[in-house]
Amino acid sequence: MMKNGDEREVKVDDGDVSTHQEQEQQRTGAEKKEKKHWSRFTEEQLQSVDIHHDKFSLFRTKMHPEEWHDILVLILMMPITLIRVGIIIFMFLTYTFWGFIFNSLGYIDLYLRYASPFGNMLLLYVAGIEMKLEGEENIRLGSETAKAEDRPILVVSNHISALDPHCISYSLGNCIRPVIKTEIFSIPVYGSIAKLLGCVGVDRTKPSGVVDTLKNYFKERNPNDFPLYVCPEGTTTNGRGLLKFKKGIFLSDVEVIPLSLNYKTPFNTTFVLNQPSLGLDLLQLIKVLSVPQKKAIHIKALPPMKRGDDEDYQHFADRVADAMASSLKVPYTSLSFSDGILFYSARRYFAAQEEAKKNKKMN
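Since the model is a prediction, treat every value here as computed from it, not as a measurement.

Some thoughts on the environment of V320
- For V320, the position within the fold is in helix α11 (residues 313–328).
- Residue classification places V320 among the buried residues on the basis of a relative accessible area of 0%.
- Between the C-alpha atom of V320 and that of P304, which follows or precedes it by 16 residues, the distance is 9.6 Å.
- Each residue touching V320, except ones within four places of it in the same chain, is listed here: V156, F245, F250, V256, P258 and M305.

A short note on the packing of aromatic side chains
- Counted by the stated rule, this structure contains 6 aromatic pairs.
- With centroids separated by 4.9 Å and ring planes inclined at 20°, the aromatic side chains of F102 and Y111 adopt a geometry described as stacked.
- Classification of F102 as partly exposed rests on a relative accessible area of 27%.
- Here F245 and Y332 contribute two aromatic rings whose centre-to-centre distance is 5.9 Å and whose plane-to-plane angle is 75°, an arrangement assigned as edge-to-face. Highlighted residues: F245 in the loop between β5 (228–230) and β6 (256–264) and Y332 in the loop between α11 and α12 (337–362), separated in sequence by 87 residues. Across this residue pair, the class does not change: F245 and Y332 are buried.
- Among the aromatic residues, those joined into a cluster by ring pairs are Y95, F102 and Y111.
- Sitting over the face of the ring of Y313, R307 holds its NZ or CZ atom 4.1 Å from the ring centroid.

Observations regarding a nonpolar patch on the surface
- A cluster of nonpolar side chains, namely F97, W98, I101, L105, Y107, L110 and Y114, defines an oily patch on the protein surface of about 770 Å² accessible area.
- Secondary-structure elements contributing two or more residues to the nonpolar patch are α4 (68–105) and α5 (108–126).
- Looking at the nonpolar patch element by element, the count peaks at 4 residues for α4.
- Summarising the element assignment, I101 is placed in helix α4.

Notes on the nonpolar core
- I129, M131, C167, I168, L259, I297 and I299 are the most contacted members of the largest nonpolar core, which has 29 residues in total.
- If you list the elements that add at least two residues to this core, you get α4, α5, β1 (129–134), α6 (136–148), α7 (164–172), β6 and β7 (295–301).

Scoring rules and cut-offs
Residues numbered from 1 in each chain as written. Predicted model: local features only at pLDDT ≥ 70, side-chain atom pairs only at ≥ 80, totals over all residues. Heavy atoms only, no water. Helix = DSSP H or I, 4+ residues; strand = E, 2+ residues; numbered from the N terminus. Buried < 20%, exposed > 50% of the residue type's maximum accessible area, 1.4 Å probe, protein only. Contact = heavy atoms within 4.5 Å. Phe/Tyr/Trp six-rings, centres within 6.5 Å; stacked < 30°, edge-to-face > 60°. Lys NZ or Arg CZ within 6 Å of the ring centre and 35° of its normal. Patch = residues over 30% accessible without salt bridge, like charges linked within 9 Å, V, L, I, M, F, W, Y side chains within 5 Å. Areas by Shrake-Rupley, 256 points an atom, 1.4 Å probe, with all protein chains shown as cover. Salt bridge = Lys/Arg side-chain N within 4 Å of Asp/Glu carboxyl O. Core = buried A, V, L, I, M, F, W, Y, C linked by side-chain atoms within 4.5 Å.

In structure tokens:
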């Protein structure tokens, strides 16, 4: 028969059991959520990826300054950064509010034509970003050609961050219609604003989704409509090269104006391969605002380009990409958006594996 002291030694507190169970449930839930990031790949595929290989350098970002004095400056700049963020949020809400008002009155296109370039100018000014546009005559030439062929302008560029369309709209002095995937329209708040601002949705689950969308757009729109803006890479990179251009956007057989974007910032401001959201755009903007050093974005408009009569569509896409890469003095790689997803998934997979090992040792 056990003594009372022995009974106290083997007794387990119910609160400890409950806490342990909650921790296990939270850990299991987090692991399931994390696995969604690589569920499209097998473990063999993920384990075969060398995430430290140089070929994946386009998907790596220097997210934060590393020198102690730079970090100190960022901390000291925080009050000013918060004031800037507050001003930009106020501007954004005001812009959106009046957009909904003009939309209900049926004058949304008129509002966007004048309010969009002005709003983007204020955004870049408050953010402390200096804009430089080279090759303005090529944009004018492209506009004249578009009107002569009774269609809007098609503008393409490399993709660095969520600031890209704002910079291009300001540089063109016009509102643009960015081509985005239809899933973005389902994001709360963000999707509604994207619709209001005239974004064009593409169903990427269908092989002909991009082609059908662009052809219908050019068929229904007049030459005085807003320029259509597309990023052939399909996702953001850190700007040190170009991903393989998707040929789908070039199947509409219209002349395109290539724009090359060159970010001059102390450290990278991109969130590579992340799901777009209003919160992510805000974080991206805060990162830019927090940099006290000089920030500049240079845009170069290249001469309008059109596919030759017997030219293969992919060859034309590569020709446009080569011209942009030459302008940026960066390589045009064979890496695709799918390669980026594999790299991103493998990185999350290996990080989760390491975390699981640590938890196992602790238990």
